[in-house]
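Below, each chain spelled out in residue letters.
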Amino acid sequence: MREEDIAEVMEIERHSFPNPWPESAYRHEIRYGTDSLFYVLQPCQEPSPATWWDRLLRRRQRERSPVIGYVGMRFVPGEAHITTIAVHPEWRGRGLGKYILLMAIQQALRNRIRFVTLEVRVSNRIAQQLYTDLGFRVVGIQRGYYRDGEDAWVMRLGPLDEAEIERLEKTRRAVEAVSMRDK
Ligand SMILES: CC(C)(COP(=O)(O)OP(=O)(O)OC[C@H]1O[C@@H](n2cnc3c(N)ncnc32)[C@H](O)[C@@H]1OP(=O)(O)O)[C@@H](O)C(=O)NCCC(=O)NCCS
């Protein structure tokens, strides 16, 4: 995620959360978040340019695809904590939420993490299903975690040993094959 993506991110944010993060929170994470990583998902409109010269030209022309999803995470020793994830309402139900989360976990593995954790609203059945499908388990409950007083489930994936990493990679490949098909 770059600062130029924030306007589109905020559009999705406002359609996705009852208490959206302010724009300044994303700006702060991008500028100063040394222990965090934020990614956006953009559909590829054409095949990747073949040569460095084509790539340079494209960058100069400032071609860019719309932002259709994003994910953020923060690192603490041994652990990546998912701080936000959303997919544009028009792009939901195609496997993209799963895909972007698996991509983020794959990147997080470079930091030698053993666990991935997150909070999810007790009422958010869709997100809970997504996390459960990927192997997250409920490990706790945070009473009144959200500003409106709703409780959160604390969910955790791991320990991420070799077999678990292999399983996630296989899942990612399967999701990629399905979600990248045109619908
Ligand atoms: C949660 C969210 C990111 C999922 O994105 P998505 O691209 O629609 O999800 P996917 O298509 O990858 O679906 C992944 C899984 O979620 C579950 N799911 C998705 N849509 C669902 C629905 N309408 N009903 C029930 N389960 C659903 C399924 O388990 C699905 O796996 P399957 O397709 O193999 O059955 C998206 O709904 C969203 O942006 N919601 C608003 C923001 C939010 O709640 N973020 C989570 C904060 S903790």
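Residues numbered from 1 in each chain as written. Predicted model: local features only at pLDDT ≥ 70, side-chain atom pairs only at ≥ 80, totals over all residues. Heavy atoms only, no water.

Quick notes on the pairing of strand β3 (residues 79–87)
Working note: regular strand, side chains alternate between the two faces of the sheet. Counting buried residues in β3 gives seven out of nine residues, a clear majority hidden from the surface. The hairpin turn running from strand β2 (residues 69–76) into β3, its antiparallel successor, is two residues long, and G78 in that turn takes a positive phi close to 80°. Across four bridges, β3 lies against strand β4 (residues 115–121) in parallel orientation. Paired with A80 across the strands is V116, a residue of β4. (Buried < 20%, exposed > 50% of the residue type's maximum accessible area, 1.4 Å probe, protein only. Helix = DSSP H or I, 4+ residues; strand = E, 2+ residues; numbered from the N terminus. Pairing = 2+ DSSP bridges.)

What to know about unusual backbone geometry
Between G158 and P159 the backbone carries a cis peptide bond, its omega angle lying at 5°. Within the fold, P159 resides in the loop between β6 (152–157) and α6 (162–179). Located in the positive-phi region is R112, a residue other than glycine, with phi close to 50°. On the secondary structure map, R112 appears in the loop between α4 (96–108) and β4. A relative accessible area of 74% means that R112 is categorised as exposed.

Here's the deal with the environment of G72
With respect to the helices and strands, the residue G72 is situated in strand β2. Through-space distance from the C-alpha of G72 to that of I82 is 5.9 Å; in sequence the pair is 10 residues apart. The residues contacting G72, other than those within four sequence positions of it, are L37, F38, H81, I82, T83 and T84. (Contact = heavy atoms within 4.5 Å.)

Side note on the packing of α4 against α6
Helix-helix packing: each pair is described by the crossing angle between the helix axes and the interaxial distance. It is at 9 Å that the axes of α4 and α6 come closest, and there the two elements cross at 140°. The chirality of how α4 crosses α6 is left-handed. Facing L96, K98, Y99, L102, M103, I105 and Q106 of α4, the residues of α6 in contact are L168, E169, T171, R172, V175, E176 and S179. Per-class residue counts for the contact of α4 with α6 are seven nonpolar, three polar and four charged. (Axes fitted to C-alpha atoms, helices over the stretch in contact; angles between N-to-C directions. Left-handed = near helix turned anticlockwise from the far one by under 90°. Nonpolar A, V, L, I, M, F, W, Y, C, P; charged D, E, K, R; others polar.)

A word on the site of the ligand
Inspection of the region around the ligand gives 21 residues, with G93, G95, G97, N124 and D133 positioned closest. Here I85 contributes a backbone N or O atom positioned 2.9 Å from a nitrogen atom of the ligand. Between the ligand and the protein, one listed contact pairs an oxygen atom with a backbone N or O atom of V87 at 2.8 Å. Considered on its own, the ligand offers 930 Å² of accessible surface; in the complex 71% of this is hidden by protein. When atoms are counted within 2 Å of each cavity's grid points, the one that captures over half of the ligand is the largest pocket. (Near = heavy atom within 4 Å. Polar contact = N/O pair within 3.5 Å; in protein donor to acceptor, adjacent residues only side chain to side chain. Areas by Shrake-Rupley, 256 points an atom, 1.4 Å probe, with all protein chains shown as cover. 1 Å grid on protein atoms, 1.4 Å probe; cavity = no way out; pocket = protein on both sides within 12 Å on 5 of 7 lines; lining within 4 Å. Sits in = over half its atoms within 2 Å of the grid points.)

Overview of the layout of surface pockets
The computed volume of the largest pocket comes to approximately 1100 Å³. Lining of the largest pocket is provided by 32 residues; of these, F17, I85, N124, A127 and Y131 occupy positions nearest its centre. With seven residues, β3 is the largest single contributor of residues to the lining of the largest pocket. Here the lining of the largest pocket is built from residues that sort into 15 nonpolar, nine polar and eight charged. (Points joined across faces, edges and corners; volume = space filled by probe spheres on them.)

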